[in-house]
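# Structural description and commentary
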Amino acid sequence: MNSLLKMFKYIMHLYFITITPFPFYEATPLIGPEPDVQVATIYEMLFIVSIGWNKSSNYGKEENNHLCGGSLITTQHVLTVANCFNFRQNYHEIVVRIGSNNLRLAKLHTIEWWKTYHEWLNKAIDPVNELANYDMAIVKLHNAASSDIELPTIKYMSFDNFIGRLVMTGGWGRMENDIVSRNKRVGKFFVMDPNECELFRPNRYFCSTSLNARMTKGDSGSPLLMKDEHTLIGIHKGECIMNTSTVPSHVYVHLSVNNARQFINEVTRM
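Residues numbered from 1 in each chain as written. Predicted model: local features only at pLDDT ≥ 70, side-chain atom pairs only at ≥ 80, totals over all residues. Heavy atoms only, no water.

Here we take up the overall build of the protein chain. Looking only at helices and strands, the protein chain has three helices and 14 strands in total. Scored against the burial criterion, the 270 residues of the protein chain give a buried share of 51%. Here the protein chain displays about 12900 Å² of accessible surface, and carbon together with sulfur accounts for 51% of that area. (Helix = DSSP H or I, 4+ residues; strand = E, 2+ residues; numbered from the N terminus. Buried < 20%, exposed > 50% of the residue type's maximum accessible area, 1.4 Å probe, protein only. Areas by Shrake-Rupley, 256 points an atom, 1.4 Å probe, with all protein chains shown as cover.)

In terms of burial, strand β5 (residues 94–98) is largely enclosed, as five of its five residues are buried. Burial along β5 is two-sided: Ile94, Val96 and Ile98 facing one way and Val95 and Arg97 facing the other are all buried. Across four bridges, the pairing between strand β2 (residues 48–53) and β5 is antiparallel. Paired with Ile51 across the strands is Val96, a residue of β5. Bridging between β5 and strand β6 (residues 107–116) involves four bridges; their strand directions are antiparallel. The partner of Val96 across the bridge, within β6, is His109. (Pairing = 2+ DSSP bridges.)

On to unusual backbone geometry, then. Not every positive phi belongs to a glycine, and Met45 is a case in point at roughly 50°. Along the polypeptide, Met45 turns up in the loop between β1 (37–39) and β2. What makes Met45 buried here is its relative accessible area of 2%.

With that out of the way, let us pick up the environment of Lys107. One can find Lys107 in strand β6. With 39 residues separating them in the primary sequence, Lys107 and Ser146 have C-alpha atoms 9.9 Å apart. Among residues more than four places away in sequence, those in contact with Lys107 are Val96, Arg97 and Ile98. (Contact = heavy atoms within 4.5 Å.)

Another point: the confidence of the model for the protein chain. Of the residues in the protein chain, 70% reach a pLDDT of 70 or more, and the chain-wide mean stands at 77. The lowest-confidence element of the protein chain is helix α1 (residues 2–18), averaging 38 in pLDDT; the highest-confidence one is strand β4 (residues 77–80), averaging 98. Ignoring residues within four places in sequence, the model shows residues 1–29, a span with pLDDT below 50, making 55 contacts including any to other chains. (pLDDT = per-residue confidence, 0-100.)

Counting residues in hydrophobic clusters, the biggest one holds 50 residues, and the most contacted among them are Leu72, Leu79, Val96, Met136, Phe263 and Ile264. Excluding residues within four positions of it along the chain, Val96 makes contact with Val49, Ser50, Ile51, Val78, Lys107, Leu108, His109, Ile111, Val139 and Leu141. Listed in part, the 13 residues of the second largest apolar core include Phe206, Ala213, Met226 and Tyr252. (Core = buried A, V, L, I, M, F, W, Y, C linked by side-chain atoms within 4.5 Å.)

A word on the packing of aromatic side chains. Using the criterion set out here, one finds eight aromatic pairs in the structure. Geometrically, the ring pair formed by Tyr91 and Trp114 is edge-to-face, given 4.7 Å between the ring centres and 80° between the ring planes. Of this pair, Tyr91 sits in the loop between β4 and β5 while Trp114 sits in strand β6, and the two are 23 residues apart along the sequence. According to the relative accessible area criterion, Tyr91 is partly exposed, its value standing at 30%. The class of Trp114 is buried, set by a relative accessible area of 8%. On the numbers, 5.5 Å between centres and 70° between planes, the contact of Phe189 with Tyr252 is edge-to-face. (Phe/Tyr/Trp six-rings, centres within 6.5 Å; stacked < 30°, edge-to-face > 60°.)

Before going further, it helps to spend a moment on the side chain of His66. Here His66 is to be found in strand β3 (residues 66–74). At 3.5 Å, the side chain of His66 forms a polar contact with the backbone oxygen of Trp172. (Polar contact = N/O pair within 3.5 Å; in protein donor to acceptor, adjacent residues only side chain to side chain.)

Turning our eyes to something else, we now look at the state of the cysteines. A complete count under the given rule lists one disulfide for this structure. There is a disulfide in this structure between Cys68 and Cys84, and the S-S distance comes to 1.9 Å. Residues Cys68 and Cys84 are joined through a disulfide that is left-handed, its torsion about the S-S bond being -75°. Within this pair, whereas Cys68 is found in strand β3, its partner Cys84 is found in the loop between β4 and β5, the two being separated by 16 residues in sequence. By relative accessible area, which is 0% here, Cys68 ends up buried. Note on Cys84: relative accessible area 1%, which makes it buried. (Disulfide = S-S within 2.5 Å.)

Locating Ser100 in the fold gives a position in the loop between β5 and β6. Taking the C-alpha atoms as reference, Ser100 lies 9.2 Å from Phe47; in sequence the two are 53 residues apart. If near-sequence neighbours (up to four positions away) are discounted, Ser100 is found in contact with Leu46, Leu105, Ala106 and Trp172.

And the structure:
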């Protein structure tokens, strides 16, 4: 009976990560004690942006509109997860908040369009079929972000080169006390060996973990960065809670930019 229960949980974890879209209501930010999680300094990683509702009914509390994270990769393009836009067709209902780690001070940028990896693949001359469901998207802004914001450098390398290395990310959302944070938090994680990340095909995803820091729904779409804070190697997809003694209890699943080089290059030229 126990073996059947374990198999059922395994299958459900696999289904959750690879098929089921991640919900974005009640978004949760990076949580945990210092030094693993800290409030971002005023100019720290300003290229990390908040994608959220275009609403004015929250009495100035812009943090309540946050859906997911993203990263500027040009002054007019944001890299994020495709499931941030699931069931959303109207570009006017979503905006990108840029330029401040305090969402109440950020500038609102309207969206010209977004394109998912799946949409691009259907029109690609040389499609990479095994990545047909790669959960990545690029947003184009109507107006460019400030040229004063330092953009990250995209590192197109196999994530095998990053195993055991320290990576960082940042995001916003609901904290431990259930209050929505208006300030970006920055967290540190370690890239796992693919053999320890047993649920996922190594050529599609890579994983990280931390003893103290936690990432959940509100951090989906945020960039994974090398410790120097400006080298982008992937974006965060979601969390898988592992019920096994051979891996950490919280494993974070990420999309490698190395798998999407052609997608990024072509879409940012549109």
